[in-house]
Amino acid sequence: MIGYITVGTNNLAAATKFYDELLAMNGAVRIMDLGRGHMWGVAPNKPGFAVMQPFDGTPATVGNGVMISLVVDSPAKVDAMYAKALALGAKDEGPAGKRGDSGFYGGYFRDLDGNKLVVFCMGAK
């Protein structure tokens, strides 16, 4: 159902570098140059992720309660991507680990512009 997700940035160069490195860990590459932003994806028929300077020219802000989830295939990949995000300058919003009894395993962080993301997988024991 989701086609793509976009987050705003006030520093396109820094955001692009951050997401180039982070999303490459899950096989994503830049699939579009949109002038004021970029989109990454793993396949044309799969949901994409974009970072953009706002169309209206006002500063990008973070939506309170908005979070983007990036699904991966293992707790090890969650750990690696969570650690990479922090190494790239992200702020911790909850360490990688198991949450509840559902098999959910995730690590939460805020990117360089303050957007909240979680890298997660299901089926963790």
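Everything below is about the structure shown above.
Residues numbered from 1 in each chain as written. Predicted model: local features only at pLDDT ≥ 70, side-chain atom pairs only at ≥ 80, totals over all residues. Heavy atoms only, no water.

(A) Seen up close, the sheet that holds strand β5 (residues 67-71). The strand order across the open sheet formed by 4 strands is β5-β8-β7-β6, and the pairing between neighbours is mixed. What marks the edges here is a single partner per strand, and that holds for β5 and β6 (91-99). Within the sheet, the average angular offset between the axes of one strand and its neighbour, ignoring direction, is 15°. In the sheet, β5 pairs with strand β8 (residues 116-121) via 5 bridges, with the strands oriented parallel. (Pairing = 2+ DSSP bridges. Helix = DSSP H or I, 4+ residues; strand = E, 2+ residues; numbered from the N terminus. Axes fitted to C-alpha atoms, helices over the stretch in contact; angles between N-to-C directions.)

(B) Just helix α2 (residues 75-87), in detail. Taking 1.5 Å per residue, 13 residues should reach 18 Å; α2 reaches 18 Å between its end C-alpha atoms and fits that length. Here α2 has its buried residues at V78, M81, Y82 and A85. The arc that holds the buried residues of α2, viewed along the axis, is 100°, so those residues lie on one side. For α2, the exposed residues lying more than 90 degrees away from the buried face are A76 and A87. (Expected span 1.5 Å × (residues − 1). Buried < 20%, exposed > 50% of the residue type's maximum accessible area, 1.4 Å probe, protein only. Arc of directions from axis to C-beta.)

(C) Region of interest: a nonpolar patch on the surface. Taken together, the side chains of V29, I31, M32 and L34 present a nonpolar region at the surface, about 330 Å² in accessible area. The topology assignment puts M32 in strand β2 (residues 29-33). (Patch = residues over 30% accessible without salt bridge, like charges linked within 9 Å, V, L, I, M, F, W, Y side chains within 5 Å. Areas by Shrake-Rupley, 256 points an atom, 1.4 Å probe, with all protein chains shown as cover. Salt bridge = Lys/Arg side-chain N within 4 Å of Asp/Glu carboxyl O.)

(D) Geometry of the packing of aromatic side chains. For the structure on display, the rule yields 5 aromatic pairs. Between the aromatic rings of Y19 and W40, the centroid separation amounts to 5.9 Å while the plane-to-plane angle is 50°, which identifies the pairing as tilted. Residue Y19 is located in helix α1 (residues 12-24), and its partner W40 is located in strand β3 (residues 37-41); the two are separated by 21 residues in the primary sequence. Residue Y19 shares its accessibility class with W40, and that shared class is buried. A ring pair is formed by W40 and F49, whose centres lie 6.5 Å apart and whose planes are at 45°; its orientation type is tilted. Exposure remark for W40: the relative accessible area of 2% places this residue in the buried category. Accessibility expressed as a relative area gives 6% for F49, which makes it buried. (Phe/Tyr/Trp six-rings, centres within 6.5 Å; stacked < 30°, edge-to-face > 60°.)

(E) Structural context of the environment of N10. Relative to the assigned elements, N10 resides in the loop between β1 (4-8) and α1. Residues within four places of N10 in sequence aside, it is in contact with P59, A60 and D113. (Contact = heavy atoms within 4.5 Å.)

(F) Representation of the nonpolar core. Among the nonpolar cores identified, the biggest contains 26 residues, and F18, Y19, L22, F49 and F109 are the most heavily contacted of them. Of all the secondary-structure elements, those providing two or more residues to this core are α1, β4 (48-52), β5, α2, β7 (104-110) and β8. A per-element tally of this core places α1 first, with 6 residues. Not counting residues within four places of it along the chain, the set of residues in contact with L22 comprises M81, K84, A85, L88 and F109. (Core = buried A, V, L, I, M, F, W, Y, C linked by side-chain atoms within 4.5 Å.)

(G) How the structure looks around the layout of surface pockets. In this structure, the largest pocket encloses a volume near 430 Å³. If you trace the largest pocket, you find 17 residues lining it, with N26, P47, S69, L70 and V71 closest to the centre. Elements represented by at least two residues in the lining of the largest pocket include exactly β3, β4 and β5. Looking at the lining of the largest pocket element by element, the count peaks at 4 residues for β5. (1 Å grid on protein atoms, 1.4 Å probe; cavity = no way out; pocket = protein on both sides within 12 Å on 5 of 7 lines; lining within 4 Å. Points joined across faces, edges and corners; volume = space filled by probe spheres on them.)

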